[in-house]
Amino acid sequence: MKAEGGRMRAVSFAYAVSHSRLLLVSFLVLFVSVIGFACAASQERRSIPPEVESAISSINEEVAAERYDRIYEEASELWRQDNTLEESIASFKTLRTKLGAVENRMLQSATEQQNSSGPLKGRAYIVTYRTKFQNGEGMETFTLVERDGRWLLARYFVNSTALK
């Protein structure tokens, strides 16, 4: 009986070692998968089509030059439905007064949407940046819609504690 009991211990020990290896291999596979997914997500959100990037750059140039009326004129119909020219100019002036000029931006996310209905009908891009302004930091979100092959501003939002 002792030999049999010793054999049982050996089998139990082998099972425990095998089980530990299985857990370790499972953990490693999960870890590599998570790292791979994180890298893929990073690459995905860091790619903005050149035409969308160009449209955002143009808007930023107009803001920097304080040509707010031009932003309004070149924006989508959605922008003009939500704001009058005077409201649009007042909003940009308030942002400029409280936050100051943009010092730098870091892309946080870029999401393309294809909507069959609603206000953002058609192709839309929502691009969010972590932005450092002269007087604080915040998150800027640009929503652009494609109209007749051009990307136009539909919405612009800044979230910053410096605005309070």
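Structure first, text after, so check above.
Residues numbered from 1 in each chain as written. Predicted model: local features only at pLDDT ≥ 70, side-chain atom pairs only at ≥ 80, totals over all residues. Heavy atoms only, no water.

## Description of the overall build of the chain
In step 1: If you tally the helices and strands in the chain, you get five helices and four strands.
In step 2: For the chain, the succession of helices and strands along the chain, N to C, is α-α-α-α-α-β-β-β-β.
In step 3: By the burial criterion, 30% of the 164 residues in the chain qualify as buried.
In step 4: Taking the contacts inside the chain whose residues are at least 6 apart along the sequence as the reference set, 50% of them involve residues at least 24 apart.
In step 5: Accessible area of the chain: about 11000 Å², with a carbon and sulfur share of 56%. (Helix = DSSP H or I, 4+ residues; strand = E, 2+ residues; numbered from the N terminus. Buried < 20%, exposed > 50% of the residue type's maximum accessible area, 1.4 Å probe, protein only. Contact = heavy atoms within 4.5 Å. Areas by Shrake-Rupley, 256 points an atom, 1.4 Å probe, with all protein chains shown as cover.)

## Some words on the pattern of salt bridges
In step 1: For the coordinates displayed, the defined rule picks out nine salt bridges.
In step 2: The shortest N-O distance in the salt bridge between Glu 146 and Arg 123 comes to 3.4 Å. Separated by 23 residues along the polypeptide, Glu 146 in strand 3 (residues 136-147) and Arg 123 in strand 2 (residues 122-133) bring together distant segments of the chain.
In step 3: You can call Glu 146 partly exposed: its relative accessible area is 25%.
In step 4: A residue is classified by how much of its surface remains accessible, and Arg 123, at 24% relative accessible area, is partly exposed.
In step 5: Members of the salt-bridge network, linked through shared partners, are Glu 62, Arg 67, Arg 70 and Glu 74. (Salt bridge = Lys/Arg side-chain N within 4 Å of Asp/Glu carboxyl O.)

## Section: the environment of Glu 66
In step 1: Summarising the element assignment, Glu 66 is placed in the loop between helix 2 (50-64) and helix 3 (68-74).
In step 2: Distance in space between the C-alpha atoms of Glu 66 and Arg 96 is 8.7 Å, their sequence separation being 30 residues.

## Topic: the nonpolar core
In step 1: One finds Val 127, Phe 142, Leu 153 and Tyr 156 to be the most contacted residues of the largest nonpolar core, which totals 25 residues.
In step 2: Secondary-structure elements contributing two or more residues to this core are helix 2, helix 3, helix 5 (85-99), strand 1 (102-115), strand 2, strand 3 and strand 4 (150-159).
In step 3: In this structure, Val 127 is in contact with Ile 48, Val 52, Ile 56, Leu 107, Ser 109, Ala 110, Glu 140, Thr 141 and Phe 142, ignoring residues within four places of it in sequence.
In step 4: Leu 120, Ala 124, Val 145 and Ala 154 belong to the second-largest nonpolar core, a separate cluster that totals five residues. (Core = buried A, V, L, I, M, F, W, Y, C linked by side-chain atoms within 4.5 Å.)

Purely spatial values, then, with no claim about function.
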